[in-house]
Amino acid sequence: MAQRRYTVFLILLMLDPRCYIHSAEMAESGLEAKFLEYCKSAGRETTAKKATINKMFTDCELFNDKFGSIDLDVAFHMAKANGSSVINFTEFEVLLRHQKLTNAHDFDVRVKIAECDGPIDTARQPGAYISENTGSHKERFDESGNGGGREDAVEDSGYVGRYQGAGRYNPKH
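Please read these numbers as outputs of a predicted model, since none were measured by experiment.

Quick notes on the rules
- Residues numbered from 1 in each chain as written.
- Predicted model: local features only at pLDDT ≥ 70, side-chain atom pairs only at ≥ 80, totals over all residues.
- Heavy atoms only, no water.
- Axes fitted to C-alpha atoms, helices over the stretch in contact; angles between N-to-C directions.
- Helix = DSSP H or I, 4+ residues; strand = E, 2+ residues; numbered from the N terminus.
- Parallel < 35°, antiparallel > 145°, perpendicular 65-115°, else oblique.
- Left-handed = near helix turned anticlockwise from the far one by under 90°.
- Contact = heavy atoms within 4.5 Å.
- Salt bridge = Lys/Arg side-chain N within 4 Å of Asp/Glu carboxyl O.
- Buried < 20%, exposed > 50% of the residue type's maximum accessible area, 1.4 Å probe, protein only.
- Core = buried A, V, L, I, M, F, W, Y, C linked by side-chain atoms within 4.5 Å.
- pLDDT = per-residue confidence, 0-100.

1. Looking at the packing of helix H4 (residues 69–79) against helix H5 (residues 89–96)
What describes two packed helices is the angle between their axes and the distance between those same axes.
Alright, step 1. Packing of H4 against H5 brings their axes to within 9 Å, and their N-to-C directions diverge by 135 degrees. Comparing their axes, H5 and H4 come out oblique. Between H4 and H5 the crossing geometry is right-handed. Along its contact with H4, which presents Leu72, Ala75, Phe76 and Ala79, the element H5 presents Glu91, Val94 and Leu95.

Have a look at this one:
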């Protein structure tokens, strides 16, 4: 699939050299949109932390045996401003030009990120894993996966904070 796309791109480039400029501009706009999408999924507007960039690289399957998460940490720290823990889009572009990242892949990383589906939600739904609960835990969940709580939980009511078991005070003391 990638080989066919590359061949079509070369044919278009031979026919009209402006095609390369147009596709590069499209990749740039898609790259910035994807960067902002990951920023917003992490609760930020225009900046990303190292964990957000790590999630982006994981979702887009950019880690391989030549470029791993430790290499991403190094590239992140080289791209960010001193004293900052986040990067903006221009610093993200600097990160993508890191020597080890460009040598690790035989494709354009910018295009791969722009074509990525976006942030993958890995949170599990409450009822998704009821069948995995075995033993003493299986009675604590109903059919929809919601927990019923513990029946032997101690009530935290009383005059003193965290006093457990109201009415059990010995009056002789």
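2. Thoughts on the pattern of salt bridges
Alright, step 1. For the structure on display, the rule yields four salt bridges.
Alright, step 2. Residue Lys55 pairs with Asp59 through a salt bridge whose shortest N-O separation is 3.2 Å. Residue Lys55 and its partner Asp59 are located together in helix H3 (residues 50–59), separated by four residues, close to a single helical turn.
Alright, step 3. For Lys55, a relative accessible area of 29% gives the class partly exposed.
Alright, step 4. Salt-bridge contacts for Lys100 lead to Asp71; the nearest nitrogen and oxygen are separated by 3.6 Å. You can see Lys100 sitting in helix H6 (residues 99–104) and its partner Asp71 sitting in helix H4, a full 29 residues away along the chain.

3. Points about the nonpolar core
Alright, step 1. Ile53, Phe57, Phe92, Leu95, Leu96 and Ile113 are the most contacted members of the largest nonpolar core, which has 25 residues in total.
Alright, step 2. Every element with two or more residues in this core is listed here: helix H2 (18–41), H3, H4, H5, H6 and helix H7 (109–115).
Alright, step 3. Those residues within four positions of Ile53 in sequence are excluded, and the remaining contacts are Phe35, Ala48, Leu72, Phe76, Ile87 and Phe92.

4. Examining the confidence of the model for the protein
Alright, step 1. With 55% of its residues at a pLDDT of 70 or more, the protein shows a mean pLDDT of 75.
Alright, step 2. Taken as a whole, residues 17–24 scores under 50 in pLDDT and shows four contacts with residues more than four places along the chain or in a different chain.

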